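# Reading the structure
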Amino acid sequence: MKSFSRCHGVGLFLVFVSAAYNRSLALAAIAWAASSALATGPSARPGIGAIPYTATPSGVTFRTFAPNADSVAVSGTFNFWSQTQTPLANEGNGYWSTDVPYAGPGSQYKFVVKRGTATMVKNDPRARDLTNSSGNSIVYNSSAYQWSATDFVTPDWNDLIIYEAHVGTFAVEPGATPPATLDKVKAKLDYLQNLGVNALEFMPICEFPTDISWGYNNSYPFAIESAYGTPDDFKELVDAAHSRGIAVFTDVVFSHLGPNDLDQWRFDGWYANDLGGVFFYNDSRAYTPWGNTRPDYSRPEVRSYIRDSVLTWLEEFRADGIRMDGTKYIRRTDQFGVDLPEGWSLLAWINNQIDAVFPGKLIVAEDLDLNPWLTKPTGAGGAGFDSQWDPAFYAPVRAALISSNDGDRNMYAIRDAINFNYNGAALQRVIYTESHDEVANGKQRVPEEIWPGNAGSWYSRKRSTLGGALVMTSPGIPMLFMGQEFLENGWFADSDPLDWAKLQTYSGIHRLYKDLIRMRRNMGGCTAGLMGSSTNVFHVDNSAKVIAFHRYQDGGPGDDVIVMMNFSSTSLNNYRIGLPHSGLWRVIFNSDWNGYSADYANAATHDSGAQTTPWDGLPFSGLVSLAPYSCAVFTQGTCNWPPESGPPEDLTGDGLVNGADLAALMAAWGQSGSTDLDGDGTTAGGDLARLLGAWAS
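Residues numbered from 1 in each chain as written. Predicted model: local features only at pLDDT ≥ 70, side-chain atom pairs only at ≥ 80, totals over all residues. Heavy atoms only, no water.

### Re the overall build of the chain
Rule in force here: Under the DSSP-based scheme used, a helix requires at least four consecutive residues in state H or I and a strand at least two consecutive residues in state E, with every element numbered from the N terminus. The quantity called the radius of gyration is restricted to C-alpha atoms. Its globule counterpart is 2.2 Å times the number of residues to the power 0.38. Throughout, exposure labels follow a simple rule: accessible area from a 1.4 Å probe, protein chains only, divided by the maximum for the residue type, with under 20% read as buried, over 50% as exposed, and the rest as partly exposed. Whether two residues are in contact is decided by their heavy atoms: any pair within 4.5 Å suffices. Areas reported here follow the Shrake-Rupley algorithm with a probe of radius 1.4 Å; residue values treat only the protein chains shown as occluding. Counting rule applied: Lys, Arg positive; Asp, Glu negative; His and chain ends not counted. To locate a charge, the coordinates of NZ of Lys, CZ of Arg, CG of Asp or CD of Glu are taken.
Within the chain, the secondary structure is distributed over 16 helices and 26 strands. Computed over C-alpha atoms, the radius of gyration of the chain comes to 29 Å, within 12% of the 26 Å expected from 2.2 N^0.38 for 697 residues, which places it in the range of a compact globule. Principal-axis analysis of the C-alpha atoms gives the chain an extent of 90 × 80 × 45 Å. Within the chain, buried positions represent 58% of all 697 residues. Sequence separation of 24 or more characterises 69% of the internal contacts of the chain that already satisfy a separation of 6 or more. Per element, the accessible surface of the chain, about 25,600 Å² overall, is 52% carbon and sulfur. One way to put it: in the chain the 49 positive side-chain charges average out to a point 2 Å from where the 73 negative ones average out.

Here's what the structure looks like:
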């Protein structure tokens, strides 16, 4: 009976497949006939690319820009890949279009472009989906996805903690190889929420050649990288992030395209000087450090192409921000090259359009040229970005952390890094010690730079997290690079996945970053000054390698924050620093706590009562102690959590790892969330082992 049932089921399945296949052929035949009968003129419908419509009969509008072509047709599964059956009509403005009834979402297609004796079969430059970068374009219904998180509001910019991640290597499961998918990243959202970050920034996710890449060689800026998933997969990820209070940012790259698997190259057959044709400059302006594929920012259709791509991520995919890569190479040809005024005006035009429609979205420039005009308003002649990555912070800070000799650490350079801003606005810069660029291209992770080959050493842990503390306490928008919070080592490579086992090995370091994030976001109610705009670096001791600064917004208990850092290997005992107000200054964070690492000394850094002895230009002062390579944070007022409240295994928050935590873990078995201690997406045996190990210790 089992055998009969199995055969019967297989038979039904084959009948179903046969029927579906025949139906597909029938629909293709109908579309083929309809395209032959009806595709006689340009489309009256709007849009560029392949846009499904729902009139009776439903179909797809195809439109593309090919001003130098003699003819354009569309070839696809709906006309059995005929290169002549479905011509597009010349609209007289460089665009060609037609409506194809009975074609629909999922149909594969290409444009057939003829110029003279040449016939070119091209993917759609505005393809929304592709089988792969050298495969076929796919018709995509951009309005079909049903959003569930519809009331998300991007966190205030002074509350943002950005976490930069590379999809292909961030969420690779143990034993698997890159690339990971968007679905795997989605499974890590509970981990990120528990860490406290509220903005997830992706390195570029547009379609690029092959399956492994950093993403900065994108070929199709309207499409999701096919190895990562589908457009709907990314929408599901954004939806899931929003439901957890996490904003999503994505990188875009328009300093160049490709340069490989790039059907925009000589798209309609015209080109000059052996260069790229209508989408690109065809003179010396075409050349970039990454190839001769700089888009022609002076051509209106190319400007619209770039603008529309950026707006697609913000509008259709509901991204909450954009990081524009390499703006220096949009506004000029090279570091010391010729200015491109049309590139500058393009940046300003895009930012004006975004501000008019999406004023809450954060648009960040990666220019790295210390140029305040990037973040000045367009009305004043600026490019209108909201913020920019800041080399004035990471360069001197990394230098101070990495140096093996205490005497080489320059506290004045650290002071200047803390104080630097663009146009007097703290939030016009994004600050970090690690980014994809700063942990590759001949550089490595900060712990690895501190002690090559021994990134888990005491020195590497101490000094790299001192840098993390400076990121989280300085003015600006703080950013972490994936894995920084559990001491990932080596350098970033698109073929090397994060080692999530380090989350358990360095669980205390993870806890340190979690506490820093909680302080930065004022989650305890006593560190509002870290979200404020005012900073006074009042103490710089370049001999002892000590720095102290005051962060505040309005001032007073719950707002004023004093940050003190020891950049030397020598302990400080009864060391005097100035204080802005009288009263008790309570220690809420001490990076030398042995909960962060068992070999930390847990050196006493006591609360300090303000004395009436003026110091550092302030009316009061106090005596404090601080361990080597450590940070202490002082506030006034009452906090809602003790910063040394126990390890991550303390699930109940009572300061102990005990039976109550075991019960909490078992109740969440098979689920994600804070009980997922090893970050693999599920509460399971690995988490149980980790909890029992912490209990035993």
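### Observations regarding the nonpolar core
Condition: Residues enter a nonpolar core if they are buried and are Ala, Val, Leu, Ile, Met, Phe, Trp, Tyr or Cys, with the set joined through side-chain atoms within 4.5 Å.
Counting 145 residues, the largest nonpolar core has Phe62, Tyr163, Phe170 and Phe234 as the members making the most contacts within it. Setting aside chain neighbours within four positions, we find Phe62 in contact with Gly49, Ala50, Val74, Phe78, Leu88, Trp96, Ser97, Thr98, Val100, Tyr109, Phe111 and Val139. Judged by nonpolar contacts, the second largest core, of 17 residues, contains Met564, Tyr575, Leu618 and Val624.

### So, the sheet that holds strand 20 (residues 546-552)
Quick note on the threshold: If DSSP finds at least two bridges between two strands, the strands pair. As a rule, the C-alpha atoms of each element are fitted with a line to give its axis, helices using only the stretch in contact, and angles between N-to-C directions run from 0 to 180 degrees.
Taken together, the six strands give an open sheet; going across it, the order is 19-20-21-26-23-24, and neighbouring strands pair in antiparallel fashion. Each of the sheet's edge strands pairs with one partner strand only, and the pair in question is strand 19 (534-541) and strand 24 (608-609). Of the strand pairs in this sheet, strand 23 (residues 584-590) and strand 26 (residues 630-635) are connected by four bridges, and their pairing is antiparallel. By the bridge assignment, Phe589 is partnered in strand 26 with Val633. Set on the sheet, helix 10 (residues 411-419) makes contact with strand 19 and strand 20; between it and strand 19 the angle comes to about 180°. Along the sheet, helix 14 (residues 507-520) contacts strand 20, strand 23 and strand 26; its crossing angle with strand 23, the most-contacted strand, is approximately 140°.

### Some remarks on the sheet that holds strand 14 (residues 321-325)
The strand order around the closed barrel formed by eight strands is 9-10-13-14-15-16-17-18, and the pairing between neighbours is parallel. When strand polarity is set aside, the average angle formed by the axes of neighbouring strands in this sheet is 30°. As defined by bridge partners, strand 10 (residues 199-202) adjoins strand 13 (residues 247-253) across four bridges and the pair is classed as parallel. Looking at the pairing, Ala199 lines up with Ala247 of strand 13. Across the sheet, helix 5 (residues 231-243) is in contact with strand 10 and strand 13; its angle to strand 13 comes to roughly 140°.

### Some points on the state of the cysteines
To be explicit about the condition: Defined by distance alone, a disulfide is two cysteine sulfur atoms within 2.5 Å.
A full pass over the atoms with the stated rule returns one disulfide. Shown here is the disulfide that connects Cys526 with Cys639, its sulfur atoms set 1.7 Å apart. Handedness here is read from the sign of the S-S torsion; for Cys526 and Cys639, about 65°, the answer is right-handed. On the criterion of sequence distance, the pair formed by Cys526 in the loop between helix 14 and strand 19 and Cys639 in the loop between strand 26 and helix 15 (659-667) is long-range, its members being 113 residues apart. Here Cys631 is not cross-linked by a disulfide; its sulfur's nearest cysteine counterpart is in Cys526, at 14 Å.

### Details of helix 5
Residues spaced three or four apart along an α-helix face the same direction, because each turn holds 3.6 residues. Using the following cut-off: What a helix should span is 1.5 Å times the count of its residues minus one.
Between the first and last C-alpha of helix 5 there are 19 Å, a value that for 13 residues agrees with the 18 Å anticipated at 1.5 Å per step. Among the 13 residues in helix 5, ten count as buried, and that is most of the element. Looking at helix 5, one finds that the buried residues are Pro231, Asp233, Phe234, Lys235, Leu237, Val238, Asp239, Ala240, Ala241 and His242. Where the residues of helix 5 are buried, they touch helix 3 (182-186), helix 4 (189-195), strand 10, strand 12 (220-224), strand 13 and helix 6 (300-315). Backbone geometry just after helix 5 places Gly245 at a positive phi near 80°.

### Observations concerning helix 8 (residues 341-357)
Its 17 residues place the ends of helix 8 25 Å apart at the C-alpha level, agreeing with the 24 Å of an ideal helix rising 1.5 Å per residue. Listing the buried residues of helix 8 in full gives Glu342, Gly343, Leu346, Leu347, Ala348, Ile350, Asn351 and Ile354. At its buried positions, helix 8 is contacted by helix 6, strand 14, helix 7 (328-331) and strand 15 (362-365).

### Remarks on the packing of aromatic side chains
The following threshold applies: Note on aromatic pairs: the rings of Phe, Tyr and Trp (six-membered ring only in Trp) are paired at centre separations within 6.5 Å, and the planes decide the class, stacked below 30 degrees, edge-to-face beyond 60, tilted for the rest. Counted as over-ring charges are cases with an Arg CZ or a Lys NZ within 6 Å of the ring centre that also lie within 35 degrees of the ring normal.
On inspection of all chains with the given rule, the structure shows 32 aromatic pairs. With 5.2 Å between their ring centres and 25° between their planes, Tyr394 and Tyr432 make a pair best called stacked. Here Tyr394, found in helix 9 (residues 391-402), pairs with Tyr432, found in the loop between strand 17 (429-431) and helix 11 (446-450); they are 38 residues apart in sequence, far enough to count as distant. Judged on exposure class, the residue Tyr394 and its partner Tyr432 are both buried. An aromatic cluster of three or more residues is present, and its members are Tyr163, Phe170, Tyr191, Phe486 and Trp500. In this structure, Arg323 packs its charged tip against the face of Trp389, placed 4.0 Å from the ring centre. In this arrangement the basic side chain of Arg576 is found over the ring face of Trp615, its NZ or CZ atom lying 5.6 Å from the centre.

### Things to note about the pattern of salt bridges
Oppositely charged side chains can form a pair if their charged atoms are brought close together. How we decide: Salt bridge, as used here, is a side-chain nitrogen of Lys or Arg placed within 4 Å of a carboxyl oxygen of Asp or Glu.
Tallied over the entire structure, the rule returns 33 salt bridges. In this structure, Arg128 engages Glu316 in a salt bridge whose closest nitrogen and oxygen atoms are separated by 2.6 Å. Of the two residues, Arg128 is situated in the loop between strand 7 (118-122) and strand 8 (137-138) and Glu316 in the loop between helix 6 and strand 14; the sequence distance between them amounts to 188 residues. Its relative accessible area of 13% is what places Arg128 among the buried residues. Glu316 sits in the buried class, given a relative accessible area of 15%.

### Structural notes on the packing of helix 6 against helix 8
Rule in force here: Handedness of each helix crossing follows the sense of rotation of the near helix against the far helix: counterclockwise by less than a right angle gives left-handed, clockwise gives right-handed. When residue character is reported, Ala, Val, Leu, Ile, Met, Phe, Trp, Tyr, Cys and Pro are called nonpolar, Asp, Glu, Lys and Arg charged, and the others, Gly included, polar.
The geometry of helix 6 relative to helix 8 is characterised by a closest axis approach of 10 Å and an angle of 35° between their N-to-C directions. Crossing hand, helix 6 versus helix 8: right-handed. Contacts between helix 6 and helix 8 involve Arg303, Ser304, Ile306, Arg307, Val310, Leu311 and Leu314 from the former and Glu342, Ser345, Leu346, Trp349, Ile350, Gln353 and Ile354 from the latter. Residue classes in the contact of helix 6 with helix 8 are distributed as eight nonpolar, three polar and three charged.

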